Amino acid sequence: MSNQLDEQQLTDFTDRYIAMWNEPDAEIRHKQIRELWAVDGAQVLVDPPQAMREALAALSFPIPTVEIRGYEALDRRVDRAYEMFVAPGAHVFAPSGQAVRLSANVMGLAWRMVNKADGAVAGGGYDVVALDGEGRIRWDHQYIGLA
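One structure accompanies this document, and this report is about it. (Residues numbered from 1 in each chain as written. Predicted model: local features only at pLDDT ≥ 70, side-chain atom pairs only at ≥ 80, totals over all residues. Heavy atoms only, no water.)

## Observations regarding helix H2 (residues 26-36)
Where we set the bar: Classification of residues uses two cut-offs on accessible area relative to the type maximum, computed with a 1.4 Å probe and protein chains only: under 20% is buried, over 50% is exposed, and between them is partly exposed. Each helix corresponds to a stretch of at least 4 residues labelled H or I by DSSP, and each strand to a stretch of at least 2 residues labelled E; elements are numbered beginning at the N terminus. As used here, the arc is the angular range of directions from the helix axis to the C-beta atoms. Contact between two residues is taken to exist if any of their heavy atoms lie within 4.5 Å; hydrogens are not considered. Under this definition, polar contacts are N or O atom pairs within 3.5 Å; protein pairs additionally need one hydrogen-donor-capable and one acceptor-capable atom, and for neighbouring residues in sequence, both atoms have to be side-chain atoms.
Every buried residue of H2 is accounted for by Arg29, Gln32, Ile33 and Leu36. Looking down the long axis of H2, one finds its buried residues gathered within 105° of arc, a one-sided arrangement. Exposed residues on H2 whose side chains face more than 90 degrees from its buried face are Glu27 and Lys31. Contacts made by the buried residues of H2 are with helix H1 (7-22), strand S1 (37-45), helix H4 (71-86) and strand S7 (137-144). Looking at where H2 begins, the residue whose side-chain oxygen comes 2.8 Å from the main-chain nitrogen of glutamate 27 is aspartate 25.

Shown next, in the form of structure tokens:
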């Protein structure tokens, strides 16, 4: 992938990224992870889930970011998100607008979780993704909240 992401590359990447979260076949999801992420790539949850924040606050610990690094950890992360949000059948993930190039190999993409029946937005977030020279994710900082 070139050092400058063009509009088509942004769209293609976003489509592949979102499709991975919605993929019902775990083997295909794991293959998609290996196609999208570098071997040592990571996803960083900048704003961890509410239950985790509450548990840490109760212990007077600062709220950390959560880093998921490497294929096996990413497999578990994406599998669990699929099981929780897509597999029950009510929701799917979808892009929320066009991804934007922030710098040479860095992009921002908004996404949402929508109700399959009526398209109502149930949640969403924004990811800031840095790619390596081969177009694979080095890091993905995910901000969860309504998008």
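## Some details on the packing of H1 against H4
In a pair of packed helices, the angle between the axes and the distance between the axes together describe the arrangement. Using the following cut-off: Working convention: axes come from line fits to C-alpha atoms, limited for helices to the stretch in contact. Angles between N-to-C directions cover 0 to 180 degrees. Small angles under 35 degrees read as roughly parallel and large ones over 145 as roughly antiparallel, with 65 to 115 read as roughly perpendicular and the rest as oblique. Each residue gets one of three labels, nonpolar for Ala, Val, Leu, Ile, Met, Phe, Trp, Tyr, Cys and Pro, charged for Asp, Glu, Lys and Arg, and polar for the others, Gly among them.
Axis separation between H1 and H4 bottoms out at 8 Å; the angle between their running directions is 70°. Between H1 and H4, the angle is such that the two are roughly perpendicular. Residue-level contacts link Met20, Trp21 and Asn22 of H1 to Arg77, Val78, Ala81, Tyr82 and Val86 of H4. The residue inventory of the contact of H1 with H4, partitioned by class, reads six nonpolar, one polar and one charged.

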